[in-house]
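Next come the chains, spelled out residue by residue.
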Amino acid sequence: MLKNYLLIAIRNFRRHKSSFFINLIGLSAGLTCSVLIMLWVLDELSVDKFHENGSRIFNVMEFQTYADGVFTTISTPGVLSLALKEEIPEIEYACTMTWPDESQLTHGDNKFRMTGRYADPDILKIFSFPLLYGDPETALEDPTSIVISREAARNLFGREDVIGETVEYLSWDNGTFEVTGVLDEIPDQSTLDFEFLIPFEVFRKNNPWTTEWGNNGPRTYATIHEGVDHKELSEKIKDFVKSKNEDSSIELFLFPYEDYYLRGSWENGKQSGGRIVYVRIFTIVATFILLIACINFMNLSTARSARRAKEVGIRKTLGAIKQVLVGQFLGEAIVISFLSLFLSLALVAVLLPSFNELTDKTISILSLFKPAYIIGLIMIALITGILSGSYPALYLSSFIPVKVLKGRTENKGGEAFVRKGLVVFQYSLSVILIIATAVIYLQIHFIQNKNLGYDQDNLMYLEVNGNLEENYEVFAERLRKIPGIEEAGVVSHAFQGRNNNSGGVSWPGIAPETNILFEMVATDEYLIDIMDFEMAEGRFFSSDYGTDTSAVVINEKALEIMNLEEPVGTTIEFWDSEWKIIGVNKNFHFQSMRSEIAPMIMRYDPGFAWFFFVKLSGQNIASTISQVEGIYSELNPGYVFNYEFLDEEYARLYSSEIRVGKLAGYFGILAVLISCLGLFGLSAYTAERKTKEIGIRKTLGASFGSIIMLLSRDFTRLILIALVVAIPVGFYFMSEWLADYRYRIDLGWWIFAGSGAIAILIAWLTISFQSIKAAHQNPIESLKIED
């Protein structure tokens with residue numbers, strides 16, 4: 001029986017090649033998109049899931065309460081991990097770790113800038129970062145030890161087994177360190193990126209502020225004992241910092257480390273957004289695209305039912321029961337589905353390198369051949385086949401033999417109504433994707449082109465290190481003499497997010513118990529000329545005023561919070577000192593567009609700055625940079641010259657949005673093309689079915705335009721209904737997506753009108769091919785065609 005079914009299926013595929021290929025291409029395209037998205041989603045869900053004790057690893061985080069809301073951060077006191085480990089028995093291991101920082105490692109003539117971190121010894125017990133060489137129990141116990149990656153060992157020494165060798169570390173804490181461990185390759189799914197680890201004790205010794213409970217900066221990670229309820233433990237340690245510092249308003253809590261990558265976004269103390277939003281969005285997109293492809297199959301199968309009607313009638317007359325016929329038609333759908341799956345896998349293999357480049361992933365096609373994934377693919381193909389073939393199978397098998405053998409196969413209402421409903425549903429999904437693509441593109445364009453309040457073009461910055469820490473004025477002065485440089489200065493902030501902030505600021509008229517988190521920036525008098533931001537009141541710093549060392553410049557947001565009528569000349573207090581406001585600068589963006597501009601205080605303190613900002617003229621940039629490198633190497637021998645451009649760093653802030661926008665665009669276009677493929681098939685069927693009618697109309701004098709309208713009218717009506725359905729849905733979902741941005745586009749009517757116009761135009765272009773072909777056909781030939 002199965003052999004007979006297969007032969008019948010093959011015979012029908014050969015007989016109706018156009019329908020077969022439209023279905024095959026549509027399902028293959030839909031499955032290709034779905035498989036690619038599935039790979040991306042699974043990769044996202046696997047991030048940080050490789051650690052052996054992952055379910056027991058937690059970020060120790062803070063809620064900091066201020067007058068203007070709750071600030072959530074992973075920055076904690078540098079002494080927190082030691083205290084938790086000593087005083088909280090539920091915690092098995094705890095470690096403090098700094099943020100990733102690019103520094104220089106040197107061995108002989110080999111000099112490389114590498115990303116490293118300071119960390120407590122427990123890092124190698126908490127996380128599954130195995131050592132190729134060395135003992136993880138003792139690798140970071142000695143303050144003079146360093147653990148490096150396999151690649152770092154190869155670059156510095158030319159081999160991997162380098163235990164006992166020494167390297168020179170050139171950064172804030174210069175010194176010689178002995179290699180006590182060599183790390184195996186860190187998986188791509190790890191969010192902790194580093195090429196070397198140095199004991200946190202070194203950082204603590206050189207940064208006394210990390211020993212005080214009132215200061216935050218490093219991150220704290222902990223492994224809890226098996227059986228411990230982390231929610232109960234969170235409640236237990238909630239006031240731990242307050243018990244050490246009575247002036248603190250910090251509340252601690254534990255957050256699962258495995259979830260932080262996808263769900264580590266917070267707003268006013270509440271978890272919100274995060275990358276999990278994109279995982280959900282693209283899961284929905286994959287479902288939409290597959291549904292669109294399945295609907296194509298349903299519509300084409302039912303529309304061309306007359307071709308199978310006599311076959312059904314004869315088989316029923318010969319005794320075939322409905323269940324057998326359903327099995328036959330479902331089997332054909334499943335065969336096409338599996339053929340489409342095989343074709344889609346070949347397409348995935350071809351497209352995966354480009355897809356990886358687009359998504360910044362390293363997904364391998366081999367990951368599809370894991371048993372669980374194979375079963376998943378089989379299930380997807382099976383469900384797709386059943387879903388796309390179920391309605392046609394039930395519909396075709398319900399034909400009454402007497403009627404179909406007499407040539408009466410049309411269901412006057414039901415079948416046409418369902419088919420039209422499917423077209424509306426299918427095109428509604430496509431229009432929603434068009435709207436989503438348009439909104440994401442416009443928001444990204446808005447972000448990339450918004451006036452930030454300062455000029456970031458041709459603005460280069462480099463780290464203050466080595467001899468430059470003492471000779472920054474000499475370096476800056478020599479840079480200003482280079483013809484291609486307009487200005488140079490120092491600043492403690494790269495203006496790519498919150499970097500150094502503090503509460504405890506008071507001013508005249510402040511309400512009791514009010515505490516606001518201000519961003520703190522140390523700089524010199526040249527920053528205003530380098531960044532070209534504007535002053536709203538007063539002046540910026542100047543070396544002509546010796547009192548500016550105790551002066552500050554605040555931004556408009558800070559002034560709004562302080563509510564000072566005459567800010568210039570007012571004295572404010574923080575860090576146990578008094579500071580005189582000499583100016584108010586206009587707000588400029590130094591965070592993501594997701595966040596509102598924060599209050600900022602700038603003070604004149606070049607010695608505390610971490611970066612050189614260099615404003616280039618834009619002429620002969622390569623030559624100018626070469627001259628900067630020459631001066632840098634002369635004043636700072638032994639250090640590798642390294643620089644970044646501020647506009648490039650700003651673009652990296654939105655790399656995820658840009659990638660998501662591109663993905664949404666590509667998948668949106670493909671969804672529309674798949675829908676058009678279905679419209680093309682249906683329009684061809686409609687033109688074929690109305691061949692005689694068209695011939696008669698042309699014989700009676702019907703114009704070319706009226707024939708086009710005859711064939712396009714019904715489809716246009718369905719597309720308009722789809723627009724009515726899709727526009728409110730698209731508006732709702734994109735309003736929710738945009739709500740995550742404090743600075744965003746307005747969802748104007750023209751976005752939806754434009755999306756609708758594009759959808760109608762594409763549909764008309766698709767339908768017009770068959771309509772024009774039918775309208776041009778000779779009526780004599782049309783009337784000769786036999787039913």
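The rules behind each value
- All residue numbers refer to positions counted from 1 along the written sequence of the respective chain.
- Given that the model is predicted, a residue must reach a pLDDT of at least 70 before its local features are reported, and side-chain atom pairs must reach 80 or more before they are shown or counted; all residues, however, enter totals for whole chains, interfaces and linings.
- Hydrogens and water are ignored here; the side-chain numbers use all heavy atoms of the structure.
- Stacked, tilted and edge-to-face pairs are distinguished by plane angle, under 30 degrees for stacked and over 60 for edge-to-face with tilted covering the rest, among Phe, Tyr and Trp rings (Trp via its six-membered ring) whose centres lie within 6.5 Å.
- By the criteria applied, helices consist of DSSP H or I runs no shorter than four residues and strands consist of E runs no shorter than two, each listed in order from the N terminus.
- Classification of residues uses two cut-offs on accessible area relative to the type maximum, computed with a 1.4 Å probe and protein chains only: under 20% is buried, over 50% is exposed, and between them is partly exposed.
- Only when the NZ atom of a Lys or the CZ atom of an Arg is both within 6 Å of the ring centre and within 35 degrees of the ring normal do we say a charge sits over the ring.
- Residues enter a nonpolar core if they are buried and are Ala, Val, Leu, Ile, Met, Phe, Trp, Tyr or Cys, with the set joined through side-chain atoms within 4.5 Å.
- Contact criterion: two residues are considered in contact whenever any of their non-hydrogen atoms come within 4.5 Å of each other.
- Throughout, the arc means that of the directions going from the helix axis to the C-beta atoms.

## Side note on the packing of aromatic side chains
Okay, so step 1: A full pass over the atoms with the stated rule returns 43 aromatic pairs.
Okay, so step 2: Centre to centre, the rings of F282 and F667 are 6.3 Å apart; their planes meet at 70°, and the pair counts as edge-to-face. In this pair, F282 sits in helix α10 (residues 276-303) while F667 sits in helix α21 (residues 655-689), placing the two residues 385 residues apart along the sequence. Neither F282 nor F667 differs from the other in exposure class; each is buried.
Okay, so step 3: With 5.5 Å between their ring centres and 90° between their planes, Y461 and F611 make a pair best called edge-to-face. With Y461 in strand β15 (residues 459-463) and F611 in strand β24 (residues 611-616), the pair connects residues that are 150 residues apart, well separated along the chain.
Okay, so step 4: Judged by its relative accessible area of 18%, F611 is buried.
Okay, so step 5: An aromatic cluster is built from Y454, Y461, F495, F533, F540, F541, F588, Y604, F611 and F613, whose rings are joined through pairwise contacts.
Okay, so step 6: The ring of Y526 carries R480 above its face, with NZ or CZ at 3.7 Å from the centroid.
Okay, so step 7: If you follow R594 out to its NZ or CZ, it ends over the ring of Y741, 4.3 Å from the centre.

## Side note on the nonpolar core
Okay, so step 1: By size, the foremost hydrophobic cluster in this structure holds 109 residues, and its most contacted members are F495, M531 and F613.
Okay, so step 2: Here this core takes 14 residues from helix α15 (residues 414-449), the largest share from any one element.
Okay, so step 3: Those residues in contact with M531 that lie beyond four places of it in its chain are Y454, D455, L459, F495, F588 and F613.
Okay, so step 4: Counting residues in each nonpolar core, the second largest holds 25 residues, with Y472, F475, V628 and L635 among its members.

## Some points on unusual backbone geometry
Okay, so step 1: Of note in this structure, W575 is not a glycine but carries a positive phi near 55°.
Okay, so step 2: Relative to the assigned elements, W575 resides in the loop between β21 (571-574) and β22 (577-585).
Okay, so step 3: Phi angles above zero are rare outside glycine, and D576 is one such case at about 60°.
Okay, so step 4: Looking at the element boundaries, D576 is found in the loop between β21 and β22.

## What to know about helix α5 (residues 150-157)
Okay, so step 1: What α5 keeps buried is the set R150, A152, A153, L156 and F157. All buried residues of α5 fall inside an arc of 160° around its axis, so they share one side.
Okay, so step 2: The inward-facing, buried residues of α5 abut β4 (101-107), β5 (110-119), β6 (131-134), β7 (145-149), β8 (166-170) and β9 (175-183).

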